Amino acid sequence: MSLAKDAAIFLAGHRGLVGSAILRLLEARGYQNIITRSRDQLDLANQASVRDFFELERPAYVILAAARVGGIEANRTRPAEFISENLAIQGNVIDQAYRSGVKKLLFLGSSCIYPRLAAQPIREEALLSGPLEPTNEAYALAKIAGLKMCAAYRQQYGFDAISLMPTNLYGPGDNFDLESSHVIPALMRKAHEAKKSGAASLTVWGSGRPRREFLHVDDLASACLFAMDHYDEGSPMNVGTGQDLSIKQLAEAICHVVGFNGNLTWDDSMPDGTPRKLLDISRMSGLGWQASISLEEGLKSTYQWYLDNQT
Ligand SMILES: NC(=O)C1=CN([C@@H]2O[C@H](COP(=O)(O)OP(=O)(O)OC[C@H]3O[C@@H](n4cnc5c(N)ncnc54)[C@H](OP(=O)(O)O)[C@@H]3O)[C@@H](O)[C@H]2O)C=CC1
Ligand SMILES: C[C@H]1O[C@H](OP(=O)(O)OP(=O)(O)OC[C@H]2O[C@@H](n3cnc4c(=O)[nH]c(N)nc43)[C@H](O)[C@@H]2O)[C@@H](O)[C@@H](O)C1=O
(Lines give C-alpha, C1' and ligand atoms only; values in the text may rest on other atoms or scores of the structure.)
(Ligands and ions follow the chains in the order given, each with its own letter.)
Protein backbone atom coordinates (compact mmCIF):
# COMPACT_ATOMS: atom_id res chain seq x y z
CA MET A 1 0.00 0.00 0.00
CA SER A 2 1.28 3.47 -0.83
CA LEU A 3 0.06 6.60 0.95
CA ALA A 4 -1.86 8.85 -1.47
CA LYS A 5 -0.51 12.40 -1.67
CA ASP A 6 -3.87 13.83 -0.60
CA ALA A 7 -4.41 11.36 2.28
CA ALA A 8 -5.26 13.02 5.60
CA ILE A 9 -2.27 12.25 7.83
CA PHE A 10 -2.24 13.26 11.51
CA LEU A 11 1.40 13.82 12.47
CA ALA A 12 1.42 13.99 16.28
CA GLY A 13 4.46 15.77 17.75
CA HIS A 14 5.35 17.70 14.58
CA ARG A 15 7.47 20.26 16.45
CA GLY A 16 9.79 17.68 18.06
CA LEU A 17 13.06 16.20 16.79
CA VAL A 18 11.37 13.29 15.02
CA GLY A 19 8.08 14.95 14.12
CA SER A 20 9.77 17.94 12.47
CA ALA A 21 11.96 15.61 10.38
CA ILE A 22 8.90 13.62 9.27
CA LEU A 23 7.07 16.87 8.45
CA ARG A 24 10.01 18.05 6.28
CA LEU A 25 10.00 14.74 4.41
CA LEU A 26 6.22 14.60 3.93
CA GLU A 27 6.26 18.15 2.56
CA ALA A 28 9.27 17.43 0.32
CA ARG A 29 7.43 14.42 -1.11
CA GLY A 30 4.35 16.47 -1.89
CA TYR A 31 1.87 15.36 0.79
CA GLN A 32 -0.83 18.01 0.87
CA ASN A 33 -3.13 17.08 3.74
CA ILE A 34 -0.96 16.90 6.87
CA ILE A 35 -2.84 17.58 10.10
CA THR A 36 -0.78 18.98 12.99
CA ARG A 37 -1.48 20.30 16.49
CA SER A 38 0.97 21.64 19.05
CA ARG A 39 0.59 20.54 22.67
CA ASP A 40 -0.94 23.95 23.46
CA GLN A 41 -3.65 23.31 20.87
CA LEU A 42 -4.28 19.64 21.75
CA ASP A 43 -3.07 17.90 24.90
CA LEU A 44 -2.81 14.28 23.77
CA ALA A 45 -2.78 13.16 27.41
CA ASN A 46 -6.40 14.39 27.69
CA GLN A 47 -8.77 11.63 26.57
CA ALA A 48 -11.79 13.86 25.89
CA SER A 49 -9.75 16.31 23.80
CA VAL A 50 -8.25 13.48 21.76
CA ARG A 51 -11.70 11.95 21.16
CA ASP A 52 -13.13 15.32 20.02
CA PHE A 53 -10.13 15.91 17.74
CA PHE A 54 -10.46 12.52 15.99
CA GLU A 55 -14.23 12.92 15.61
CA LEU A 56 -13.75 16.33 14.01
CA GLU A 57 -10.71 15.73 11.79
CA ARG A 58 -11.15 12.03 10.89
CA PRO A 59 -7.55 11.46 9.73
CA ALA A 60 -6.93 8.40 7.53
CA TYR A 61 -3.39 7.82 8.83
CA VAL A 62 -1.61 8.58 12.11
CA ILE A 63 2.10 8.92 12.77
CA LEU A 64 2.61 9.11 16.55
CA ALA A 65 5.81 11.07 17.22
CA ALA A 66 4.50 12.82 20.35
CA ALA A 67 5.88 11.54 23.64
CA ARG A 68 7.68 12.53 26.82
CA VAL A 69 11.34 12.10 25.79
CA GLY A 70 14.71 12.82 27.37
CA GLY A 71 18.24 11.67 28.03
CA ILE A 72 19.55 9.41 30.75
CA GLU A 73 19.36 11.95 33.59
CA ALA A 74 15.84 13.15 32.78
CA ASN A 75 14.70 9.53 32.65
CA ARG A 76 16.48 8.63 35.89
CA THR A 77 15.10 11.55 37.90
CA ARG A 78 11.54 11.86 36.48
CA PRO A 79 10.29 8.27 36.05
CA ALA A 80 6.74 9.12 37.15
CA GLU A 81 6.33 11.72 34.41
CA PHE A 82 7.89 9.47 31.76
CA ILE A 83 5.57 6.55 32.50
CA SER A 84 2.36 8.47 33.13
CA GLU A 85 2.57 10.93 30.22
CA ASN A 86 3.61 8.29 27.70
CA LEU A 87 0.93 5.81 28.80
CA ALA A 88 -1.70 8.55 28.53
CA ILE A 89 -0.61 9.94 25.15
CA GLN A 90 -0.22 6.60 23.39
CA GLY A 91 -3.27 5.04 25.04
CA ASN A 92 -5.51 7.89 23.94
CA VAL A 93 -4.13 8.19 20.41
CA ILE A 94 -4.02 4.47 19.57
CA ASP A 95 -7.52 3.84 20.96
CA GLN A 96 -9.16 6.87 19.34
CA ALA A 97 -7.41 6.21 16.02
CA TYR A 98 -8.94 2.73 15.97
CA ARG A 99 -12.39 3.99 17.06
CA SER A 100 -12.52 6.71 14.41
CA GLY A 101 -11.61 4.36 11.55
CA VAL A 102 -7.97 5.28 10.92
CA LYS A 103 -6.52 3.01 8.21
CA LYS A 104 -3.01 2.75 9.61
CA LEU A 105 -1.05 4.02 12.63
CA LEU A 106 2.69 4.13 13.27
CA PHE A 107 3.89 3.98 16.89
CA LEU A 108 7.48 4.78 17.87
CA GLY A 109 9.17 2.90 20.71
CA SER A 110 12.87 2.92 21.49
CA SER A 111 15.83 0.54 21.73
CA CYS A 112 15.64 0.84 25.54
CA ILE A 113 12.65 -1.56 25.52
CA TYR A 114 15.09 -4.46 25.30
CA PRO A 115 16.72 -6.14 28.32
CA ARG A 116 19.76 -4.32 29.70
CA LEU A 117 22.04 -7.25 28.95
CA ALA A 118 20.43 -8.48 25.72
CA ALA A 119 22.68 -10.39 23.31
CA GLN A 120 24.20 -8.01 20.73
CA PRO A 121 23.16 -7.05 18.13
CA ILE A 122 19.66 -7.02 19.63
CA ARG A 123 17.02 -8.91 17.68
CA GLU A 124 13.33 -8.03 18.01
CA GLU A 125 12.80 -11.44 19.65
CA ALA A 126 14.80 -10.27 22.72
CA LEU A 127 11.76 -8.28 23.93
CA LEU A 128 10.70 -9.26 27.49
CA SER A 129 13.48 -11.84 27.84
CA GLY A 130 15.23 -10.16 30.81
CA PRO A 131 15.38 -7.20 33.24
CA LEU A 132 15.41 -3.63 31.89
CA GLU A 133 18.04 -0.90 32.43
CA PRO A 134 17.01 0.83 35.72
CA THR A 135 17.74 4.43 34.56
CA ASN A 136 14.96 4.25 31.97
CA GLU A 137 12.73 1.42 33.18
CA ALA A 138 9.61 3.59 33.54
CA TYR A 139 9.90 4.99 30.00
CA ALA A 140 10.72 1.55 28.58
CA LEU A 141 7.68 -0.02 30.29
CA ALA A 142 5.43 2.65 28.78
CA LYS A 143 6.93 1.99 25.33
CA ILE A 144 6.49 -1.78 25.75
CA ALA A 145 2.83 -1.15 26.68
CA GLY A 146 2.48 0.97 23.51
CA LEU A 147 3.83 -1.63 21.14
CA LYS A 148 1.82 -4.38 22.84
CA MET A 149 -1.31 -2.21 22.57
CA CYS A 150 -0.70 -1.91 18.83
CA ALA A 151 -0.28 -5.68 18.57
CA ALA A 152 -3.40 -6.34 20.67
CA TYR A 153 -5.58 -3.97 18.59
CA ARG A 154 -4.28 -5.68 15.44
CA GLN A 155 -5.02 -9.14 16.87
CA GLN A 156 -8.50 -8.41 18.25
CA TYR A 157 -9.81 -5.67 15.92
CA GLY A 158 -7.65 -6.05 12.80
CA PHE A 159 -6.37 -2.48 13.30
CA ASP A 160 -3.30 -1.87 11.10
CA ALA A 161 -1.02 -0.45 13.83
CA ILE A 162 2.74 -0.90 13.38
CA SER A 163 5.63 -0.21 15.76
CA LEU A 164 9.19 0.86 14.96
CA MET A 165 11.98 0.69 17.57
CA PRO A 166 14.57 3.33 16.68
CA THR A 167 18.03 3.44 18.16
CA ASN A 168 19.35 6.72 19.73
CA LEU A 169 18.54 9.64 17.43
CA TYR A 170 20.10 13.05 16.76
CA GLY A 171 19.89 15.86 14.23
CA PRO A 172 18.43 19.30 13.56
CA GLY A 173 15.76 20.33 16.07
CA ASP A 174 17.30 18.33 18.93
CA ASN A 175 17.08 19.40 22.57
CA PHE A 176 20.36 21.08 23.64
CA ASP A 177 19.40 21.59 27.30
CA LEU A 178 22.28 20.13 29.33
CA GLU A 179 20.11 18.52 31.99
CA SER A 180 17.40 16.89 29.91
CA SER A 181 19.10 16.22 26.55
CA HIS A 182 20.66 13.12 25.03
CA VAL A 183 24.40 12.75 24.74
CA ILE A 184 25.05 14.17 21.24
CA PRO A 185 23.42 17.59 21.70
CA ALA A 186 24.83 17.79 25.25
CA LEU A 187 28.42 17.15 24.19
CA MET A 188 28.09 19.37 21.13
CA ARG A 189 26.98 22.27 23.27
CA LYS A 190 29.61 21.59 25.96
CA ALA A 191 32.37 21.45 23.31
CA HIS A 192 31.09 24.63 21.65
CA GLU A 193 30.98 26.53 24.95
CA ALA A 194 34.39 25.20 26.03
CA LYS A 195 35.89 26.30 22.72
CA LYS A 196 34.31 29.74 22.98
CA SER A 197 35.46 30.32 26.57
CA GLY A 198 38.95 28.87 26.00
CA ALA A 199 38.39 26.18 28.68
CA ALA A 200 41.10 23.54 29.06
CA SER A 201 38.69 20.62 29.44
CA LEU A 202 35.15 19.37 28.93
CA THR A 203 33.25 17.12 31.35
CA VAL A 204 31.67 13.94 30.01
CA TRP A 205 29.29 11.85 32.16
CA GLY A 206 30.07 8.31 33.19
CA SER A 207 33.07 6.18 32.25
CA GLY A 208 33.09 6.67 28.47
CA ARG A 209 32.87 2.87 28.06
CA PRO A 210 29.17 2.43 27.17
CA ARG A 211 28.54 1.92 23.48
CA ARG A 212 25.69 3.51 21.53
CA GLU A 213 24.31 3.38 18.00
CA PHE A 214 23.17 6.73 16.52
CA LEU A 215 20.75 7.32 13.66
CA HIS A 216 20.24 10.70 12.01
CA VAL A 217 16.62 11.80 12.38
CA ASP A 218 16.24 12.38 8.61
CA ASP A 219 17.06 8.69 8.14
CA LEU A 220 14.44 7.80 10.74
CA ALA A 221 11.87 9.93 8.90
CA SER A 222 12.63 8.02 5.71
CA ALA A 223 12.30 4.72 7.63
CA CYS A 224 8.91 5.78 9.02
CA LEU A 225 7.45 6.55 5.59
CA PHE A 226 8.99 3.36 4.20
CA ALA A 227 7.33 1.35 7.00
CA MET A 228 3.95 3.03 6.39
CA ASP A 229 4.16 1.73 2.80
CA HIS A 230 5.84 -1.64 3.30
CA TYR A 231 5.20 -3.02 6.80
CA ASP A 232 1.96 -4.36 8.24
CA GLU A 233 2.82 -6.80 11.00
CA GLY A 234 2.14 -6.72 14.74
CA SER A 235 5.71 -7.33 15.88
CA PRO A 236 7.95 -4.30 16.36
CA MET A 237 10.77 -3.62 13.89
CA ASN A 238 14.20 -2.19 14.77
CA VAL A 239 15.58 0.87 12.96
CA GLY A 240 19.25 1.74 13.14
CA THR A 241 22.53 1.85 11.27
CA GLY A 242 23.97 -1.46 12.48
CA GLN A 243 27.10 0.32 13.82
CA ASP A 244 27.99 1.65 17.26
CA LEU A 245 30.88 3.36 19.04
CA SER A 246 31.93 4.09 22.63
CA ILE A 247 30.93 7.34 24.34
CA LYS A 248 34.66 8.18 24.52
CA GLN A 249 34.97 7.78 20.73
CA LEU A 250 31.79 9.83 20.28
CA ALA A 251 33.10 12.62 22.54
CA GLU A 252 36.34 12.73 20.53
CA ALA A 253 34.42 12.84 17.24
CA ILE A 254 32.24 15.72 18.49
CA CYS A 255 35.26 17.70 19.74
CA HIS A 256 36.82 17.24 16.29
CA VAL A 257 33.69 18.51 14.49
CA VAL A 258 33.33 21.48 16.86
CA GLY A 259 37.07 22.28 16.82
CA PHE A 260 37.63 21.95 20.59
CA ASN A 261 41.19 20.78 21.24
CA GLY A 262 41.18 20.52 25.06
CA ASN A 263 40.99 17.44 27.29
CA LEU A 264 38.08 15.23 28.30
CA THR A 265 37.40 14.73 32.02
CA TRP A 266 35.03 12.01 33.24
CA ASP A 267 32.29 12.54 35.84
CA ASP A 268 31.85 9.07 37.29
CA SER A 269 29.12 10.28 39.65
CA MET A 270 26.83 10.25 36.59
CA PRO A 271 25.31 6.97 35.31
CA ASP A 272 26.58 4.97 32.34
CA GLY A 273 23.20 3.37 31.69
CA THR A 274 23.00 0.34 29.41
CA PRO A 275 26.49 -0.96 28.58
CA ARG A 276 25.60 -1.56 24.92
CA LYS A 277 22.47 -1.47 22.73
CA LEU A 278 23.32 -2.19 19.14
CA LEU A 279 20.24 -3.16 17.16
CA ASP A 280 20.00 -6.06 14.74
CA ILE A 281 18.55 -4.35 11.67
CA SER A 282 18.17 -7.38 9.42
CA ARG A 283 14.35 -7.30 9.45
CA MET A 284 14.24 -3.72 8.13
CA SER A 285 17.12 -4.18 5.68
CA GLY A 286 15.47 -7.37 4.43
CA LEU A 287 12.48 -5.23 3.40
CA GLY A 288 14.84 -2.94 1.46
CA TRP A 289 15.49 0.05 3.76
CA GLN A 290 18.84 1.26 5.03
CA ALA A 291 20.28 4.41 6.60
CA SER A 292 22.22 6.76 4.35
CA ILE A 293 23.70 9.51 6.58
CA SER A 294 27.09 8.69 8.14
CA LEU A 295 27.73 9.75 11.74
CA GLU A 296 30.53 12.08 10.62
CA GLU A 297 28.33 13.82 8.05
CA GLY A 298 25.39 13.94 10.50
CA LEU A 299 27.45 15.44 13.33
CA LYS A 300 28.77 18.15 10.99
CA SER A 301 25.34 19.16 9.70
CA THR A 302 23.82 19.03 13.19
CA TYR A 303 26.56 21.32 14.53
CA GLN A 304 25.90 23.71 11.65
CA TRP A 305 22.19 23.65 12.58
CA TYR A 306 23.11 24.41 16.19
CA LEU A 307 25.27 27.37 15.12
CA ASP A 308 22.45 28.71 12.95
CA ASN A 309 19.71 28.23 15.56
CA GLN A 310 21.15 28.67 19.04
CA THR A 311 19.33 31.29 21.06
N1 LIG B 1 15.19 11.23 20.60
C2 LIG B 1 15.61 9.97 20.59
O3 LIG B 1 16.82 9.69 20.69
C4 LIG B 1 14.63 8.86 20.38
C5 LIG B 1 13.26 9.08 20.26
N6 LIG B 1 12.41 8.02 20.06
C7 LIG B 1 10.96 8.21 19.97
O8 LIG B 1 10.61 9.13 18.95
C9 LIG B 1 9.43 9.85 19.31
C10 LIG B 1 9.68 11.34 19.18
O11 LIG B 1 10.76 11.71 20.03
P12 LIG B 1 11.51 13.12 19.88
O13 LIG B 1 11.12 13.76 18.61
O14 LIG B 1 12.92 12.87 20.19
O15 LIG B 1 10.88 13.94 21.10
P16 LIG B 1 10.75 15.53 21.30
O17 LIG B 1 10.79 15.76 22.76
O18 LIG B 1 11.74 16.23 20.44
O19 LIG B 1 9.30 15.86 20.74
C20 LIG B 1 8.18 15.35 21.38
C21 LIG B 1 6.95 15.99 20.80
O22 LIG B 1 5.84 15.47 21.51
C23 LIG B 1 4.93 16.51 21.76
N24 LIG B 1 4.19 16.24 23.00
C25 LIG B 1 4.71 15.83 24.18
N26 LIG B 1 3.72 15.72 25.10
C27 LIG B 1 2.57 16.05 24.45
C28 LIG B 1 1.21 16.13 24.86
N29 LIG B 1 0.83 15.84 26.12
N30 LIG B 1 0.30 16.53 23.94
C31 LIG B 1 0.66 16.83 22.68
N32 LIG B 1 1.94 16.76 22.23
C33 LIG B 1 2.87 16.39 23.12
C34 LIG B 1 5.74 17.78 21.88
O35 LIG B 1 4.90 18.85 21.47
P36 LIG B 1 5.22 20.43 21.65
O37 LIG B 1 6.43 20.68 20.79
O38 LIG B 1 4.02 21.12 21.15
O39 LIG B 1 5.52 20.61 23.11
C40 LIG B 1 6.88 17.51 20.91
O41 LIG B 1 6.59 18.02 19.64
C42 LIG B 1 9.08 9.40 20.73
O43 LIG B 1 8.09 8.40 20.68
C44 LIG B 1 10.37 8.80 21.24
O45 LIG B 1 10.15 7.83 22.20
C46 LIG B 1 12.87 6.73 19.97
C47 LIG B 1 14.21 6.47 20.07
C48 LIG B 1 15.18 7.50 20.32
C1 LIG C 1 17.36 7.21 23.43
C2 LIG C 1 17.61 6.71 24.81
O3 LIG C 1 18.12 7.76 25.61
C4 LIG C 1 18.36 7.48 27.00
O5 LIG C 1 19.29 6.49 27.18
P6 LIG C 1 20.82 6.67 26.89
O7 LIG C 1 21.18 5.99 25.63
O8 LIG C 1 21.58 6.22 28.07
O9 LIG C 1 20.91 8.24 26.64
P10 LIG C 1 21.86 9.47 26.68
O11 LIG C 1 22.01 9.94 25.29
O12 LIG C 1 21.34 10.46 27.66
O13 LIG C 1 23.28 8.93 27.23
C14 LIG C 1 24.09 8.04 26.50
C15 LIG C 1 25.40 7.83 27.21
O16 LIG C 1 26.16 9.05 27.12
C17 LIG C 1 26.68 9.37 28.40
N18 LIG C 1 26.93 10.83 28.48
C19 LIG C 1 28.16 11.38 28.61
N20 LIG C 1 28.07 12.71 28.73
C21 LIG C 1 26.74 13.02 28.66
C22 LIG C 1 26.05 14.23 28.73
O23 LIG C 1 26.60 15.32 28.90
N24 LIG C 1 24.67 14.15 28.59
C25 LIG C 1 24.02 12.96 28.41
N26 LIG C 1 22.67 12.98 28.27
N27 LIG C 1 24.68 11.78 28.36
C28 LIG C 1 26.02 11.81 28.49
C29 LIG C 1 25.62 8.87 29.36
O30 LIG C 1 26.14 8.75 30.67
C31 LIG C 1 25.28 7.52 28.71
O32 LIG C 1 26.26 6.55 29.04
C33 LIG C 1 17.12 7.08 27.67
O34 LIG C 1 16.31 8.17 27.77
C35 LIG C 1 16.42 5.96 26.92
O36 LIG C 1 15.12 5.88 27.40
C37 LIG C 1 16.42 6.08 25.45
O38 LIG C 1 15.56 5.59 24.75
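Basis of the calculations
- Throughout, a residue's number is its position along its own chain's written sequence, starting from 1.
- The naming scheme follows written order: chains are lettered A onward, ligands numbered 1 onward.
- Whole-chain, interface and lining totals are the exception, using all residues; otherwise, since this is a predicted model, local features are given only for residues with pLDDT of at least 70 and side-chain atom pairs are given and counted only at 80 or more.
- Side-chain measures were taken over the full set of non-hydrogen atoms in the model, leaving aside hydrogen atoms and water.
- UniProt positions are given in the numbering used here, feature names are shortened, and annotations may be inferred rather than shown by experiment.
- For helices, the axis comes from a line fit to the C-alpha atoms of the stretch in contact; other axes are also lines fit to C-alpha atoms, and the angle between any two N-to-C directions lies between 0 and 180 degrees.
- Counting from the N terminus, the helices are DSSP H or I runs at least four residues long and the strands are E runs at least two residues long.
- Angle categories: roughly parallel below 35 degrees, roughly antiparallel above 145, roughly perpendicular from 65 to 115, and oblique for all the rest.
- Each crossing gets its hand from how the near helix is turned against the far one by less than a right angle, where anticlockwise is left-handed and clockwise is right-handed.
- Every residue pair with non-hydrogen atoms within 4.5 Å of one another is taken to be in contact.
- Residue type decides the class: Asp, Glu, Lys and Arg count as charged, Ala, Val, Leu, Ile, Met, Phe, Trp, Tyr, Cys and Pro as nonpolar, and the leftover types, Gly among them, as polar.
- Only protein chains enter the accessibility calculation, which uses a 1.4 Å probe; a residue is then buried when its area is under 20% of its type maximum, exposed when over 50%, and partly exposed in between.
- Here, strands pair whenever DSSP counts at least two bridges between them.
- By nonpolar core we mean a set of buried residues, namely Ala, Val, Leu, Ile, Met, Phe, Trp, Tyr and Cys, connected to one another through side-chain atoms within 4.5 Å.
- Stacked, edge-to-face and tilted are the three classes for Phe, Tyr and Trp ring pairs, Trp counted by its six-membered ring, which pair at centre distances within 6.5 Å; planes under 30 degrees apart are stacked, over 60 edge-to-face, the rest tilted.
- Counted as over-ring charges are cases with an Arg CZ or a Lys NZ within 6 Å of the ring centre that also lie within 35 degrees of the ring normal.

As recorded by an unreviewed UniProt entry, the protein carries the name GDP-L-fucose synthase and is attributed to Aestuariispira insulae. Taken directly from UniProt, the Sequence similarities (unreviewed entry) text for the protein runs: "Belongs to the NAD(P)-dependent epimerase/dehydratase family. Fucose synthase subfamily."

*Asks:* Can you walk me through the packing of helix 4 (residues 79-99) against helix 5 (residues 137-157) in this structure?
*Replies:* The description of two packed helices rests on the angle between their axes and on the distance between the axes. As a packed pair, helix 4 and helix 5 sit with axes 8 Å apart at the nearest point and diverge in direction by 15°. As judged from the angle between their axes, helix 4 and helix 5 are roughly parallel. The element helix 4 and its partner helix 5 pack so that their crossing is right-handed. Every residue of helix 5 that contacts helix 4 at Pro79, Phe82, Ile83, Asn86, Leu87, Gln90, Gly91, Ile94, Asp95 and Tyr98 is listed here: Ala138, Tyr139, Leu141, Ala142, Lys143, Ala145, Gly146, Met149, Cys150, Tyr153 and Tyr157. The residue makeup of the contact of helix 4 with helix 5, split by class, is 15 nonpolar, four polar and two charged.

*Asks:* Which parts of the structure should I look at to understand the pairing of strand 5 (residues 161-166)?
*Replies:* Within a regular strand, side chains alternate between the sheet's two faces. Counting buried residues in strand 5 gives six out of six residues, a clear majority hidden from the surface. The two faces of strand 5 match: Ala161, Ser163 and Met165 on one face and Ile162, Leu164 and Pro166 on the other face are all buried. Pairing analysis gives four bridges linking strand 4 (residues 104-108) to strand 5, with the strands arranged parallel. Each residue of the ladder has a partner; that of phenylalanine 107, found in strand 5, is serine 163.

*Asks:* Can you walk me through the nonpolar core in this structure?
*Replies:* As a rule of thumb, nonpolar side chains are buried together in soluble globular proteins. Ranked by size, the top nonpolar core spans 40 residues in total, and within it Phe10, Leu44, Phe54, Ile94 and Leu105 carry the most contacts. Breaking this core down by element, the ones donating at least two residues are strand 1 (9-12), helix 2 (47-57), strand 3 (61-64), helix 4, strand 4, helix 5 and strand 5. Broken down by element, this core gets its largest block of residues, seven residues, from helix 5. Discounting chain neighbours no more than four positions away, the residues touching leucine 105 are Val62, Val93, Ile94, Ala97, Cys150, Phe159, Asp160, Ala161 and Ile162. Formed by 36 residues, the second largest nonpolar core is a distinct cluster that contains Ile9, Leu11, Ile63 and Leu215.

*Asks:* Help me understand the UniProt feature "domain: NAD-dependent epimerase/dehydratase" (unreviewed entry) in the protein in this model?
*Replies:* In this structure's numbering, the residues bearing the UniProt feature "domain: NAD-dependent epimerase/dehydratase" (unreviewed entry) are residues 9-240. A distance of 25 Å separates the end C-alpha atoms of residues 9-240, which is 43% helix and 16% strand.

*Asks:* Would you explain unusual backbone geometry in this entry?
*Replies:* Among all residues save glycine, negative phi is the norm, and among peptide bonds the norm is trans. The step from glutamine 120 to proline 121 runs through a cis peptide bond, and the omega angle for that step is -15°. Unusually for a residue other than glycine, arginine 58 sits at a positive phi of about 45°. By the element assignment, arginine 58 lies in the loop between helix 2 and strand 3. By relative accessible area, which is 45% here, arginine 58 ends up partly exposed.

*Asks:* Is there a simple way to think about the UniProt feature "binding site: substrate" (unreviewed entry) in the protein in this case?
*Replies:* Under the UniProt annotation, the feature "binding site: substrate" (unreviewed entry) is placed at Lys190, Trp205, Arg212 and Asp272. When sequence neighbours within four positions are dropped, the list of residues in contact with lysine 190 reads Leu178, Leu202, Thr203 and Trp205. On the basis of relative accessibility, which here comes to 29%, the residue aspartate 272 falls in the partly exposed class. Setting aside chain neighbours within four positions, we find aspartate 272 in contact with Ile72, Gly206, Ser207, Gly208, Pro210 and Arg212.

*Asks:* Can you walk me through the sheet that holds strand 2 (residues 34-35) in this structure?
*Replies:* Read from one edge to the other, the open sheet built from six strands follows the order 2-1-3-4-5-10, with strand pairing classed as parallel. Taken across any chain shown, the strands that pair with only one partner, and hence form the sheet edges, are strand 2 and strand 10 (237-239). Relative to the sheet, helix 5 contacts strand 4 and strand 5, its axis offset from that of strand 5 by approximately 155°. Where helix 7 (residues 217-230) meets the sheet, its contacts fall on strand 3, strand 4, strand 5 and strand 10, and the angle it forms with strand 5 comes to roughly 155°.

*Asks:* Just to check I follow, could you spell out the packing of aromatic side chains for this structure?
*Replies:* For any pair of aromatic rings, the description rests on two quantities: the centre-to-centre distance and the angle between the ring planes. Throughout the structure, instances matching the rule amount to 11 aromatic pairs. With 5.6 Å between their ring centres and 90° between their planes, tyrosine 98 and tyrosine 153 make a pair best called edge-to-face. Here tyrosine 98 is found in helix 4, whereas its partner tyrosine 153 is found in helix 5, with 55 residues between them in sequence. Owing to a relative accessible area of 28%, tyrosine 98 belongs among the partly exposed residues under this scheme. Note on tyrosine 98 and tyrosine 157: the rings are 4.3 Å apart at their centroids and 5° apart in plane angle, and the pair reads as stacked. Here tyrosine 157 lies in helix 5 and tyrosine 98 lies in helix 4, a separation of 59 residues in the sequence. Put simply, the rings of Tyr98, Tyr153, Tyr157 and Phe159 touch in pairs and so form one group of aromatic residues. A cation over an aromatic ring shows up here: arginine 68 above the ring of phenylalanine 82, its NZ or CZ 5.0 Å from the ring centre.

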